[in-house]
Amino acid sequence: MDINARIAKIVESRTAELVALRRKLHEHPELAFEEHETAKAVTAFLGKLGIKFRSGVGKTGVVAVVEGAKPGKTVGIRADMDALPIHEQTGLPFASKLPGKMHACGHDVHTVIALGVAAALTDLRSELAGRVKLIFQPAEETLSGAQAMIADGVLDDPKMDVVLGYHNWPAVEAGKVGYNAEVVMASADAFDITLKGREGHGAHPHMSIDALAAAAHFVSQLQTIVSREVKPISPAVVTIGELHAGTARNIIAGTAVLKGIVRTMEAGLSEKIEEAMRRMLEGIKTGMRVDYTLDWKRVAPALRNDRAMLARLLDSARATLGKDNVIELGEASMGSEDFAWFAEKVPAAHLRIGSKIDGLDTAIHRANYDCNDLAIPVGVRVVTRAAMELSGS
Ligand code: NI
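Residues numbered from 1 in each chain as written. Predicted model: local features only at pLDDT ≥ 70, side-chain atom pairs only at ≥ 80, totals over all residues. Heavy atoms only, no water.

Here we take up helix α7 (residues 307-321). Quick reminder: α-helices carry 3.6 residues per turn. Residues three or four places apart thus point the same way. With 15 residues, α7 should reach 21 Å at 1.5 Å per residue; the first-to-last C-alpha distance of 21 Å fits that figure. Lining the buried residues of α7 we find α1 (3-27), β5 (162-173), β6 (177-179), β15 (326-328), β16 (348-356) and α9 (375-391). Of the residues one or two after α7, Gly322 is the one with positive phi, at around 95°. (Helix = DSSP H or I, 4+ residues; strand = E, 2+ residues; numbered from the N terminus. Expected span 1.5 Å × (residues − 1). Contact = heavy atoms within 4.5 Å.)

Structure below.
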């Protein structure tokens, strides 16, 4: 039997169990860094397979290593585990039992796919070269779990030669996988600005310094960074999503607080935008007499595929599913994904696993979201075969 057929047979024998486990996880969604029960379900499954694991990595993360029988490379597989603060409205029999919490991004599916890969690789261990390191990551939705795991040493012992990430994708038909040729997702940098003036009576503006008027100027001026300072063919978004100033109609606001996010896809561009923002704040300080503070936090870098690794991954996906079932996606997303922190340190590639349900108009992060069950066996087959090929089996 060729390797494809063997993987398919193993996966077939595990599919019902994996789908049932996904439904169990779906009923009990856990938010960022609260994935205690999810981690327990993961370690119970790994324990039954006899796979060594470490839990509590990056608070609630789990790391497991499947050792091959032959020498080879170390391949990382990353699955995220957390849910979202959304109240589920699917009416499904396995809908969330916890009000206000929902697996609306399918990280329950990602978790069981990685467990399915662990099971398949255990059966194929005698042919596995090197080792496969499974990373069950907490807190992707808050873009903080990857960094927490990295701070806890997830990149060491053993060091990975390559790392593979994946996400279910309701826009892609179930049975297919999609990919972006280069950039997959944008960087995200969060900023907090406080403008400080002097509060005063609305009737005597000359005795106060109006932080609200300064903020209004600044919000408009900020948009000229994208329209006049960033190369037009390089995508960038600068958004201020919060502006708080003032307490009453007849009081001149002494303070204004602004919060926003910058998203880019080109290396070094968010640094340039930060510099421009500081220059504009200096201008507002001189022109409108307000002091300012700017806190800038790099939340996630842009997620970029390693070309050589992506090419090998796509070859193996085509060999698994047939070349018509591996499709290039039209455009990258301006959203962010903290798998990018792994991709910054280790050559990486990211796949979208088709999860469309015919007749269901949905997307990730919606209250009516659901994932096609077929994404589970397809994901396990593609990722298992890719892991074997990338490790040199
Ligand atoms: Ni997600």
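So much for the structure itself; the text now carries on.
Right, let's talk about the coordination of the nickel ion for a bit. The expected angle between donors at a tetrahedral four-coordinate metal is 109.5 degrees. At an octahedral six-coordinate metal it is 90 or 180 degrees. All of the protein donors around the nickel ion are Cys105 (SG), His107 (NE2) and His167 (NE2); their distances to the metal are 2.1 to 2.2 Å. As a motif over one chain, the donors of the nickel ion read C-x1-H-x59-H. Taken together, the residues His107 in helix α3 (residues 107-123) and His167 in strand β5 connect sequence positions 60 residues apart. The burial state of His107 is the same as that of His167; both residues are buried. (Donors = N, O, S within 2.8 Å, 3.2 Å for Na, K, Ca; no water. Buried < 20%, exposed > 50% of the residue type's maximum accessible area, 1.4 Å probe, protein only.)

This paragraph deals with the domain arrangement of the protein. What the domain assignment lists for the protein is domain 1 (3-184 + 302-391) and domain 2 (187-300). Taking only C-alpha atoms, the centre of domain 1 and the centre of domain 2 are 38 Å apart. For the pair domain 1 and domain 2, the summed buried surface comes to about 1000 Å²; carbon and sulfur atoms form 61% of the total. Area buried by domain 1 at its contact with domain 2 is led by Ala302, Met334 and Trp341, which between them contribute 52% of it. Joining domain 1 to domain 2, the criterion identifies one salt bridge. One salt bridge connects Glu344 with Arg298, and the closest N-O pair in it is separated by 2.6 Å. Tallied by class, residues from the side of domain 1 that touches domain 2 come to six nonpolar, four polar and three charged. (Domains from an automatic or database assignment. Buried area = accessible area lost by both parts, 1.4 Å probe. Salt bridge = Lys/Arg side-chain N within 4 Å of Asp/Glu carboxyl O. Nonpolar A, V, L, I, M, F, W, Y, C, P; charged D, E, K, R; others polar.)

This part is about the environment of Pro158. Structurally, Pro158 is set in the loop between α4 (145-151) and β5. The spacing of Pro158 and Val66 is 92 residues in sequence and 11 Å in space, taken between C-alpha atoms. Residues in contact with Pro158, not counting those within four places in the same chain, are Val65, Thr74, Arg131 and Lys133.

On to the sheet that holds β16, then. On the basis of which strands lie adjacent, the open sheet formed by eight strands has the order β1-β2-β4-β3-β5-β16-β6-β15 and mixed pairing. A single partner strand is all that each edge strand has here, and the edge strands are β1 (52-57) and β15. Here the strands of the sheet are splayed against their neighbours by 25° on average, with no regard to which way each runs. Pairing of strand β2 (residues 61-67) with strand β4 (residues 129-137) involves six bridges; the strand directions are antiparallel. Counterpart to Val65 in the pairing with β4 is Lys133. Each of β2, β3 (70-80), β4, β5 and β16 touches α3; the most contacted strand, β4, lies at about 160° to it. Sitting on the sheet, α9 is in contact with β3, β4, β5, β6 and β16, with an inclination near 145° to β3. (Pairing = 2+ DSSP bridges. Axes fitted to C-alpha atoms, helices over the stretch in contact; angles between N-to-C directions.)

What follows covers the packing of α3 against α9. Interhelical geometry of α3 versus α9 gives an angle of 50° and a closest axis separation of 8 Å. Taken together, the axes of α3 and α9 lie oblique to each other. Pair α3 / α9 crosses with right-handed handedness. Between α3 and α9, the contacting residues are Val109, Val112, Ile113, Gly116, Val117, Ala120 and Leu121 on the first element and Ala375, Ile376, Gly379, Val380, Val383, Thr384, Ala387 and Met388 on the second. Its residues placed into classes, the contact of α3 with α9 shows twelve nonpolar, three polar and no charged. (Parallel < 35°, antiparallel > 145°, perpendicular 65-115°, else oblique. Left-handed = near helix turned anticlockwise from the far one by under 90°.)

Let us look at the sheet that holds strand β12 (residues 255-264). The four strands are arranged β10-β12-β8-β13 in an open sheet whose pairing can be described as antiparallel. Across the chains shown, the open sheet's two edge strands, defined by having one partner strand only, are β10 (236-245) and β13 (291-300). The sheet shows a mean angle of 15° between the axes of neighbouring strands, taken without regard to direction. For strand β8 (residues 187-196) and β13, the ladder comprises nine bridges, and the chain directions are antiparallel. Counted as the bridge partner of Leu195 is Tyr292 from β13. Contacts between helix α5 (residues 211-228) and the sheet are confined to β8, β10 and β12, with β10 contributing the most and set at about 175° to the helix. Lying over the sheet, helix α6 (residues 269-288) contacts β8, β10, β12 and β13, oriented at roughly 170° with respect to β13.

Let us look at the pairing of β1. Alignment of β1 against β2, held across five bridges, turns out to be antiparallel. By the bridge assignment, Val57 is partnered in β2 with Gly61. Following β1, the chain reverses through three residues before pairing antiparallel with β2; Gly58 in that reversal takes a positive phi of roughly 65°.

Glancing now at the packing of aromatic side chains. Across all of its chains, the model carries two aromatic pairs by this definition. The interplanar angle of 15° and the centroid separation of 5.9 Å between the aromatic rings of Phe191 and Trp296 together place this pair among those described as stacked. Of this pair, Phe191 sits in strand β8 while Trp296 sits in strand β13, and the two are 105 residues apart along the sequence. Seen from their ring centres, Phe339 and Phe342 are 6.2 Å apart, and the 50° between their planes marks the pair as tilted. (Phe/Tyr/Trp six-rings, centres within 6.5 Å; stacked < 30°, edge-to-face > 60°.)

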